[in-house]
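Okay, here's what each chain looks like letter by letter:
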Amino acid sequence: MSKYNGTYVAAKNPDLSLDGALVSTNDPFSWKISKDGSGYKLVLTPPNSDLGLSLGNAAILSEGQGTRLYILENTPENQAAIKNGKLDPSSPTTMSSTSKRFDVGANINVIINDLSGSANALKDLQNFITSDSVKNLVIYVGNHQAMDSSIPGPSSTIGPSPSPPYSSNLGASLTRQECTGFPTGYFRIRAAGTQHYWSVHYGETSHDGNAICLWHLGNDNVTQLFFVNSKGELCTSGAHIDVMSHTLILAHNRPPTFPSPNPWSHPAPTFSYSKETKIMTAKFYADPLISDQWPRPEKEWKDKEFVITARAPTQVKIHLFNEISRWAPNSRLIRWTCRAGDVWPANEWNNLGVVEKADIMKLNDTERMKWEIEQV
């Protein structure tokens, strides 16, 4: 069953001998786990149990040729082995004790994590399996564990969810770094050579998603004060600073969703300020660009240098909640900013944005990425 729209993966044609295609449907559709050597297969319930789920360039039903799935423990050793392509699922040391975890003949729900934004569950599954990005296809047996504070390493592991609490051993490559270069206590951030300060848009701090922009200094304006909290996150007004596409936004403490990272649930970016160059950079732990095709390949964002700049040479906007709602928990409980949809045109005086440093270096005006820190 899709986590996001509640539809089920089902056979398209009731007469399965005519058509092996799959569709999404509102009617519950049962599958069965069938033992297959050292792994398992997803097959239809009798009398069609000879038809199994095959995953390749397309997701279809095939007779006796379903894709073999392996149930693995979510351990750092298995994550590293999968990442390096050296995992031997037949090894008894890497297999979980499935006899205590589920009944091989039990019906299960297939949860498709919708990363493409499409409403078509089958198309999402096809794109997900064939993409070259990090994959997390999770088949939960029993009650669905919707929340997870951990960040699993890159894998395409298929298996039952671990029982809470989840492991926090995430590997050094995904360990978030603390913000550096900022003073202790409260401070303001001013665009060098101007009197324009980082400010919460319209002073609205109680809801998620509102933007940080540039504005004139106000009298005792607490929404222009920033600090680094005990977690090493850059914060203001009870929220840490996150990035959506090119926009600095407010993000309050929120329940995480799994698999993580995703646009709703990910470690906060690391901001670093250099007193010598007066440049502030941002390091990301998930693709910051919000799009229907999220995430992009890591080569397009992970190792690139991003800077915070005044008068950003690109449009900056406050995203609508429905642009990330498929990654969020119950949307009825989310308090999203009423300023959603507000836009700052490229090069506008109060436009504050996050862009690749290489794009700024192409401009004649590189002073726009310099900042002054004023301790209060």
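Along each chain, residue indices are assigned from 1 in the same order as the chain's sequence is written. For this predicted model, a pLDDT threshold of at least 70 governs which residues receive local features, and a threshold of 80 or more governs which side-chain atom pairs are given and counted, while totals over whole chains, interfaces and linings are taken from all residues. Just so you know, side-chain values use all the structure's heavy atoms and leave hydrogens and water out.

A. Region of the structure containing the overall build of the chain. Put simply, DSSP marks the helices as runs of H or I at least four residues long and the strands as runs of E at least two long, and each gets a number from the N terminus on. Along the backbone of the chain there are three helices and 21 strands. Residues classed as buried in the chain amount to 45% of the 376 residues present. Contacts are assigned to residue pairs that have any heavy atoms within 4.5 Å of one another. Within the chain, counting contacts between residues at least 6 apart in sequence, those at least 24 apart form 63% of the total. Categorising residues by exposure relies on relative accessible area from a 1.4 Å probe, with only protein chains included: less than 20% of the type maximum marks a residue as buried, more than 50% marks it as exposed, and the intermediate range marks it as partly exposed.

B. Spotlight on the sheet that holds strand β13 (residues 239-244). By this definition, two strands are paired if DSSP reports at least two bridges between them. On the basis of which strands lie adjacent, the open sheet formed by four strands has the order β11-β12-β13-β14 and antiparallel pairing. Edge positions in the sheet fall to β11 (227-228) and β14 (247-251), since each has one partner strand and no second. Across two bridges, β11 lies against strand β12 (residues 234-236) in antiparallel orientation. Bridged to Val228 within β12 is Leu234.

C. Seen up close, the environment of Leu320. Position of Leu320 relative to the elements: it lies in the loop between β18 (316-317) and β19 (343-344). Sequence separation between Leu320 and Gly209 is 111 residues, and the spatial gap between their C-alpha atoms is 8.4 Å. Aside from chain neighbours lying at most four places away, what touches Leu320 is Trp336, Ala340 and Gly341.

D. Expanded view of the confidence of the model for the chain. Per-residue confidence for the chain gives a mean pLDDT of 77; residues scoring 70 or more make up 69%. The low-confidence segment residues 92-118 (pLDDT under 50) makes 89 contacts with residues lying over four places distant or belonging to another chain. pLDDT is a residue-level measure of predictor confidence that goes from 0 to 100.

E. Representation of the pattern of salt bridges within the structure. We define a salt bridge as a contact between a side-chain nitrogen of Lys or Arg and a carboxyl oxygen of Asp or Glu at a distance within 4 Å. All chains considered together, the criterion is met by 13 salt bridges. Its salt-bridge partner being Glu372, residue Lys278 comes within 3.3 Å of it at the nearest N-O pair. Of the two residues, Lys278 sits in the loop between β15 (270-273) and β16 (280-283) while Glu372 sits in strand β21 (residues 371-375), which places them 94 residues apart along the sequence. For Asp287, the salt bridge identified is with Arg296, shortest N-O distance 2.7 Å. Across the pair, Arg296 and Asp287 agree in class, each one buried. Put simply, Arg311, Asp365 and Arg368 are held in one network by salt bridges that share partners.

F. Representation of the packing of aromatic side chains in the model. Ring pairs are drawn from Phe, Tyr and Trp, using the six-membered ring of Trp, whenever the two centres fall within 6.5 Å, and their geometry is named by plane angle: stacked under 30 degrees, edge-to-face over 60, tilted for the rest. A full pass over the atoms with the stated rule returns nine aromatic pairs. Pairing Trp198 with Trp371 gives two aromatic rings, centres 5.8 Å apart and planes at 90°, and the pair type is edge-to-face. In this pair, Trp198 is assigned in strand β9 (residues 196-200) and Trp371 in strand β21, connecting sequence segments 173 residues apart. Looking at Trp198, the relative accessible area reads 0%, which means it is buried. Among the residues examined, Trp371 registers a relative accessible area of 0% and is labelled buried. Summarising the aromatic geometry, the rings of Trp294 and Trp327 are spaced 5.5 Å apart at their centres and angled 70° between planes, so their arrangement reads as edge-to-face. With Trp294 in the loop between β16 and β17 (306-310) and Trp327 in the loop between β18 and β19, the pair connects residues that are 33 residues apart, well separated along the chain. In this pair, the class of Trp294 matches that of Trp327, namely buried. Counting every residue linked through ring pairs, the aromatic cluster contains Phe182, Phe187 and Tyr273. Lying across the ring of Trp264, Arg254 places its NZ or CZ 4.0 Å from the centre. Throughout this description, the term charge over a ring refers to an Arg CZ or Lys NZ atom that lies within 6 Å of the ring centre and within 35 degrees of the ring normal. One cation-aromatic arrangement involves Arg339 over Tyr202; the distance from NZ or CZ to the ring centre is 3.9 Å.

G. Molecular detail of the nonpolar core. In this description, a nonpolar core means a group of buried Ala, Val, Leu, Ile, Met, Phe, Trp, Tyr and Cys residues linked to one another through side-chain atoms lying within 4.5 Å. Grouped together as the largest cluster of nonpolar side chains are 28 residues, with contacts concentrated most on Trp198, Ile212, Leu234, Leu248, Phe271, Ile308 and Trp371. Formed by 13 residues, the second largest nonpolar core is a distinct cluster that contains Leu22, Trp31, Leu42 and Leu69.

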